[in-house]
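# Structural characterization, general
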Amino acid sequence: MANLLYQQIEMLSREKHIEPEIVVSAIEDAMVVAARKYYKTEENLRGKFNAESGQVDVFSVLTVVEEVADPKMEISLADAKKKNPTAEVGTEILTAKPTDVLGRIAAQTAKQVILQKVREAERDTIYNEYHTRVGELVTVIVKRAEGPDLIVDMGRTEARLPKREQSKLETYNIGERLRVVIKMVDRAAKGPQVIVSRGDASLVQRLFEMEVPEIYDGTVQIRFAAREAGERTKVAVMSRDKDVDPVGACVGMKGMRVQSIIRELRGEKIDIIPYSEEMVAFAQKALSPAKVTRVQIIDPETKKLEVIVEDSQLSLAIGKKGQNVRLASKLIGWDIDIKSEEEKRREIEEQMTALTAPTTPLTALAGVGPKTIEKIEAAGITNVEKLAGMTPEQLMEIPGIGEKMVDKIYQAVNRFYEGGGEAAAGEAVENTDALAEEEAAGGEAATAEEASAAASEAGVVEAPEAAAEDERAAEAGQVAEGEEESAATSENSENENAEEAESAENKSNAEKPEEAKS
């Protein structure tokens, strides 16, 4: 009986790849749990397996102490000597508990504990074995499907092939053999702990190591690899021996080596690229099969490149749905911005036009006060042309600009362009001059008197309407934001007053030279 029980323990140990001592410990712990549940005690119980008799005994353990603080865990020295004359302080007194009285419920509890302990030991063994083999190429057999995921048999254990790690263009059948790489080992997973992959770029690297002896012995190195499983892979290789061509070694005679890998990946395209330490040259090779005209580094810190190609090569460089440039960007680790020569030429022309085109200052807008102009300029808008190209949402993002002010700004811009920009610019200049005159207190009266005297000597009588308009403008200039309210006056009245004032000024200027001559 004893030999049969221990044989069963050894068989279970070999099957689960765990030590026999772990199974024995699980049996002892199970008997302790069953006895505790049966006796309903909080005593310190200990189980012991006898390999010769096959009996599992349960003992109550009491520690010998001078003074007893917890009777369930401790025993006095005097009481201990009654049971064992050789007992001393610190030793343990074991008292056997009958196990033949344990019933069916206790046995079922013991069974569950044994299974749980063995399962935990098996998971620890699997983790310790496989967590150091991440990235290794293994052959598995498709066992079953669990939703979109596949459960594959690795021989020792089962592994999971998630949907995200499968190749997009592949279909798998039960019993099919696959080559996969170990992606990770999840110790906390409820199901299989080992996660394998058919879509990782390391699978291509492991396949090259199998097919290319130069890669296996280290003569040729795979520096980087970028992959979109089922469609295309880019591999950057370099040689440590100047006499060995890295690309030729990977391709093989008549492409035999790379064709073997392509068959394993079920027709996936593979681009083999020579690695270069110089980023510009590496980027040109990474975008193959497209021919690159030039490469320019835009920002080394953020790793941004600008690539210029011929117009006929643009679609080839970008690839189907941007696949070629996306893989090239992953391969070199830089962001790539591809432009055709025509697009780059137009961009340069627009920049030159923007630099040479005349701009109109914001002060040329009639109806927009100086404080509003200051807010707009603080946001980086310094001319009317740039302001006209902004949306209402962009204007409202400027601090201090609300919906009503946006409407006024658009009305002023529309008036500026409808009048060709000249009338509005002239009006803005006049308003600016008026404000400057009002800020200088002493100069205002003197200028007004000189202008009046000059007009009288010239024999020009100012129209009553023009005089009234000047008077109203002077009153409005004393208010901080009077310019915005004056813009609300009808356009026809302003044009008439402006024409009369301009006519009077022209006459005055025409008479002044004659006075100077006399």
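Rules and cut-offs
Residues numbered from 1 in each chain as written. Predicted model: local features only at pLDDT ≥ 70, side-chain atom pairs only at ≥ 80, totals over all residues. Heavy atoms only, no water. Helix = DSSP H or I, 4+ residues; strand = E, 2+ residues; numbered from the N terminus. Contact = heavy atoms within 4.5 Å. Areas by Shrake-Rupley, 256 points an atom, 1.4 Å probe, with all protein chains shown as cover. Expected span 1.5 Å × (residues − 1). Buried < 20%, exposed > 50% of the residue type's maximum accessible area, 1.4 Å probe, protein only. Core = buried A, V, L, I, M, F, W, Y, C linked by side-chain atoms within 4.5 Å. Phe/Tyr/Trp six-rings, centres within 6.5 Å; stacked < 30°, edge-to-face > 60°. Pairing = 2+ DSSP bridges. Axes fitted to C-alpha atoms, helices over the stretch in contact; angles between N-to-C directions. Salt bridge = Lys/Arg side-chain N within 4 Å of Asp/Glu carboxyl O.

A few words now on the overall build of the chain. Scanning the chain from N- to C-terminus turns up 21 helices and 15 strands. Here the analysis covers contacts within the chain between residues at least 6 apart in sequence; of these, 59% occur between residues at least 24 apart. Surface accessibility of the chain: about 31100 Å² in total, with carbon and sulfur atoms responsible for 51%.

The next subject is helix H2 (residues 20-39). Owing to its 3.6 residues per turn, the α-helix aligns residues three or four sequence positions apart on the same side. For H2, with 20 residues, the first-to-last C-alpha span of 29 Å sits near the 28 Å given by 1.5 Å per residue. Regarding H2, the residues found buried are Pro20, Val23, Val24, Ala26, Ile27, Glu28, Ala30, Met31, Val32, Ala34 and Ala35. Two residues or fewer after H2 comes lysine 40, characterised by a positive phi angle close to 50 degrees.

Another point: the environment of valine 235. Among the structural elements, valine 235 can be located in strand E11 (residues 232-239). With 13 residues separating them in the primary sequence, valine 235 and isoleucine 222 have C-alpha atoms 7.0 Å apart. Setting aside anything within four residues of it in sequence, one finds valine 235 in contact with Val204, Phe208, Ile222, Phe224, Ala225, Asp271, Ile272 and Ile273.

Ranked by size, the top nonpolar core spans 24 residues in total, and within it Phe282, Val307, Ile332 and Ile338 carry the most contacts. Counting only elements with at least two residues in this core, the list comes to helix H9 (279-286), strand E13 (292-299), strand E14 (304-309), helix H11 (323-332) and strand E15 (335-340). It is H11 that provides the largest number of residues to this core, a total of 5 residues. Excluding residues within four positions of it along the chain, valine 307 makes contact with Leu287, Val292, Arg294, Val295, Ile336, Asp337, Ile338 and Lys339.

Let's shift gears to the packing of aromatic side chains. All chains considered together, the criterion is met by 3 aromatic pairs. On the basis of an interplanar angle of 85 degrees and a centroid distance of 5.0 Å, the ring pair of tyrosine 38 and tyrosine 39 is categorised as edge-to-face. By relative accessible area, which is 41% here, tyrosine 38 ends up partly exposed. Its relative accessible area of 27% is what places tyrosine 39 among the partly exposed residues. A centroid spacing of 5.9 Å and a plane angle of 50 degrees characterise the contact between phenylalanine 224 and tyrosine 275, whose relative ring orientation is tilted. Here phenylalanine 224 is found in strand E10 (residues 220-228), whereas its partner tyrosine 275 is found in the loop between strand E12 (269-274) and H9, with 51 residues between them in sequence.

Spatial ordering of the closed barrel is given by E5-E6-E7-E9-E8, a layout of 5 strands whose pairing is mixed. Taking the axes of each pair of neighbouring strands and ignoring which way they run, one obtains an average angle of 55 degrees across the sheet. For strand E6 (residues 149-153) and strand E7 (residues 158-161), the ladder comprises 4 bridges, and the chain directions are antiparallel. Bridging across to E7, leucine 150 finds its partner in leucine 161. Packed on one face of the sheet, helix H5 (residues 201-211) meets strand E5 (137-146) and strand E8 (177-185) and runs near 125 degrees to E8.

To continue, consider the pattern of salt bridges. The final tally for this structure, using the stated rule, is 34 salt bridges. Ionic pairing is found between arginine 206 and glutamate 209, a salt bridge with its closest N-O pair at 3.0 Å. With arginine 206 and glutamate 209 both in helix H5 and 3 residues apart, this pair spans about one turn of that helix. On the basis of relative accessible area, glutamate 209 is assigned to the partly exposed category, the value being 29%. Through salt bridges with shared partners, one network takes in Lys143, Arg144, Glu146, Asp149, Glu158 and Arg160.

What follows concerns the sheet that holds E10. Ordered in space as E10-E11-E12, the 3 strands form an open sheet in which the pairing is mixed. Edge positions in the sheet fall to E10 and E12, since each has one partner strand and no second. The sheet shows a mean angle of 20 degrees between the axes of neighbouring strands, taken without regard to direction. Note that E11 and E12 share 6 bridges and pair parallel. Bridge pairing in E12 places threonine 233 opposite isoleucine 270. Together, E10, E11 and E12 form the strand contacts of H5, whose direction differs from that of E10 by roughly 145 degrees. H9 contacts E10, E11 and E12 of the sheet and is inclined by roughly 155 degrees relative to E12.

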